[in-house]
Amino acid sequence: MRSVLCVPLDPVHDVGIKLIRNALAERGHRTEILSPDLSMEEVVQRAAAGSYDFILVSRTLGYGVAELLARFVDLLDAAGVRERSKIVIGGKPVTPELAAELGFDKGFGEHSSIEDVVAYIEGRGSSAKVSVAVRARPDVTAGFSYRVTHDRARSLLETIASKTLAWTKDRSSPALRRVRIRESMRGTSGPELARLWEQYHALCDGPVVEGNRSGAYPKGVRRVRESEVEALRSMLAERVAVGARPIRHAGDKPLFFKFLGSGCPVMDIVHGKVCERYGIDGFLIINPSWEARYEGLLDGLLTHENDGTITSEQNIRFMREMLDPATVLTVRAHRGLNTPETVLLAAHAGADLTKINLVYGSLGAGTDPERLAVDGVEAMRIAAKAGMGFDIPGNDELSGVPAWKTLAGLMITAAIGHAVGARPILKPLFCYGPHIVLHGQMSKNFIDYNVAKIRALRSIMDAPIWPGEPIAFMTQTEDRVQSANSTSYHASLAATAGVEAITIASTDEAYSRGPISLAARIDSIRAVADAYRFVGDARFQPTSEADRFTQQITDGILSTLEEVARHESLPHAINAGALGNAEDGAYPGKFGAGTVGIS
């Protein structure tokens, strides 16, 4: 048991020290708190008359206060209190350096918790290290049956899924053949491994072959030096592990995700560790756009000087190793010529989730619908075998596709994935997309239409919902304060809608014109945390328009599914414009066209 004297040297801001006094008393320590209107001389007299292990002083800073606190320490010293008591200062602007400069034994500032102070009094290290150890990695897909509760939608989705699976059954692609070779590489070495690499490179484009064989990588790509890895490990080893500050203040949803993809896995890890400290639950590794256009993937621990981190197995494994074990890691694979191979490598490297959307990858990301259908179904099977869920981003809405067509595409991909044993996640946008701008669904507020999307999905399918990529897309501006605020409003709306997770962007994400800054990452996290503290267990209240929008979207989903079901398979429907056409701003992709054959 410790004896502690609590001294509020500020008659206005004494709530913090009272909370600390209560926490210490609850743990059995002998505490005494003085009146805030005592002079420094009276406080010193009381401190000298007692036998205290610690003198805890709270005070906000202002003009002349530093000199006042330094004089207070001198008075305690002169009275002999310093010989038997530790003198501790706390306040919002206090830093360890300032506390030492003023003569205090310890300082606690804005980012210190009550438990940090209690741990110091009890002679323990920061209890935050313990809180990190007991965090559990969440499962976004837990508890969902994937049952389609709407009878008409269930019949249509079963028809579309069965037709598409039948169409892809006997078809193959270079990506599927590379996956088989990659699987054969596991556990092999020497001449046999070299032979398999030759087979692999025979199915790859030139830049991939040259990079893997001779290190002649695409412009801006190089290997990460061992010294860079060791410097990162040394830096993280020297830092005391700190527990995450909670973003959620009421309930356990939604989970919060951010993007990683600076191009450099070392920078991604540094940013990731800071974001973990601020309460982020997981990250999405975003790969370079050119990687999706080449047949084959580069191998090795690689850095890339432009946006997008190369999704080699070594890069993914390094990031998985360095991030906290409780942090969820997902790898984008939905939009290019390496979809199944990326999922395979992500599974081998220990990632938790991947990203596959047969519709958006074809209409918004440039991949041929037939190629992506064949590759995507195989990717889903790999994810199912590895126990990985996969999310389905609805970013085709950003092209101008109406929300109901986008949501129909999400459910079609989910139905196909569930049919092969995978665990899909629906990812509608909370956005101010082109179709919405043109038709005015958000002319009165941004709440009703976004809520209607969630309600429509919930009324049809029992599946996890994770608005992204990110929320508030096309609502942020170049002003960082406005961008942070917009993100926080949409995050609070997500809690009202009861979704499982959301993706939030950094405040400079859309306008950075270069690497995302760490300060901008923290901007949006703190804005969301503050909004959640403000809203707590209260909720936004949609108007009656949300009911009308829900019915409109639901009817649109059903009519879209009926149109798709009339076609031979999903790629045929995409090519025919059933899920987005030129008028919507969507065009079937061409990358990989003509590469699908009969196996």
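Note that the coordinates shown come from a computational prediction; the quantities given were computed from them, not determined experimentally. (Residues numbered from 1 in each chain as written. Predicted model: local features only at pLDDT ≥ 70, side-chain atom pairs only at ≥ 80, totals over all residues. Heavy atoms only, no water.)

## Let's talk about the domain arrangement of the chain
Moving on, step 1. As assigned here, the chain comprises domain 1 (3-121) and domain 2 (162-171 + 247-575).
Moving on, step 2. In this structure, domain 1 and domain 2 have C-alpha centres spaced 48 Å apart. (Domains from an automatic or database assignment.)

## Let's talk about the pattern of salt bridges
Moving on, step 1. For the structure shown, the criterion picks out 40 salt bridges.
Moving on, step 2. In this structure, the salt-bridge partner of Glu32 is Arg46, at a minimum N-O distance of 3.0 Å. Placement of the pair is Glu32 in strand 2 (residues 30-33) and Arg46 in helix 2 (residues 40-49), with a sequence separation of 14 residues.
Moving on, step 3. Given a relative accessible area of 39%, Arg46 falls into the partly exposed group. (Salt bridge = Lys/Arg side-chain N within 4 Å of Asp/Glu carboxyl O. Helix = DSSP H or I, 4+ residues; strand = E, 2+ residues; numbered from the N terminus. Buried < 20%, exposed > 50% of the residue type's maximum accessible area, 1.4 Å probe, protein only.)

## Overview of the environment of Ser172
Moving on, step 1. Tracing the backbone shows Ser172 in strand 6 (residues 171-172).
Moving on, step 2. Along the backbone, Ser172 and Ile598 are 426 residues apart, and their C-alpha atoms lie at a distance of 5.9 Å.
Moving on, step 3. Every residue in contact with Ser172, bar those within four places of it in the chain, is listed here: Arg177, Val374, Thr595, Val596, Gly597 and Ser599. (Contact = heavy atoms within 4.5 Å.)

## Here we look at the packing of aromatic side chains
Moving on, step 1. Enumeration according to the criterion identifies 8 aromatic pairs in this entry.
Moving on, step 2. Aromatic side chains Phe257 and Trp466 sit 4.2 Å apart centroid to centroid with 35 degrees between the ring planes, which places their arrangement in the tilted category. One end of the pair, Phe257, is in strand 8 (residues 255-260); the other, Trp466, is in the loop between helix 19 (448-460) and helix 20 (480-497), and 209 residues separate them in sequence. Trp466 matches Phe257 in its accessibility class, with the two residues each being buried. (Phe/Tyr/Trp six-rings, centres within 6.5 Å; stacked < 30°, edge-to-face > 60°.)

## Section: the pairing of strand 9 (residues 282-285)
Moving on, step 1. Burial along strand 9 is two-sided: Gly282 and Leu284 facing one way and Phe283 and Ile285 facing the other are all buried.
Moving on, step 2. In the sheet, strand 8 pairs with strand 9 via 4 bridges, with the strands oriented parallel. Of the residues in strand 9, the one forming a bridge with Lys258 is Phe283.
Moving on, step 3. For the crossover that starts at strand 8, traverses helix 12 (residues 265-277) and ends in the parallel strand 9, the hand is right-handed.
Moving on, step 4. As judged from the 4 bridges shared by strand 9 and strand 11 (residues 328-332), these two strands associate in the parallel manner. Considered in strand 11, the bridge of Leu284 is made with Thr330. (Pairing = 2+ DSSP bridges. Right-handed = clockwise from strand over helix to strand, strands pointing away.)

## Observations concerning the nonpolar core
Moving on, step 1. Formed by 103 residues in total, the largest nonpolar core has its most connected members in Leu426 and Ile557.
Moving on, step 2. With 10 residues, helix 17 (residues 403-419) is the single largest residue contributor to this core.
Moving on, step 3. Leave out the neighbours within four places in its chain, and Ile557 touches Trp404, Leu407, Ala408, Met411, Ala456 and Ile460.
Moving on, step 4. Judged by nonpolar contacts, the second largest core, of 23 residues, contains Leu34, Val94, Ala99 and Leu102. (Core = buried A, V, L, I, M, F, W, Y, C linked by side-chain atoms within 4.5 Å.)

## Considering the sheet that holds strand 8
Moving on, step 1. Across the sheet, which stays open at both edges, the 7 strands sit in the order 14-13-12-11-9-8-15 with parallel pairing between neighbours. Among the strands making up the open sheet, the edge pair consists of strand 14 (423-427) and strand 15 (501-503). Adjacent strand axes in the sheet meet at a mean angle of 25 degrees when their direction is disregarded.
Moving on, step 2. Relative to strand 14, strand 13 (residues 389-393) runs parallel, the two being bridged by 5 bridges. Paired with Asp391 across the strands is Ile425, a residue of strand 14.
Moving on, step 3. Lying on the sheet, helix 12 is in contact with strand 8 and strand 9; it crosses strand 8 at an angle near 160 degrees. (Axes fitted to C-alpha atoms, helices over the stretch in contact; angles between N-to-C directions.)

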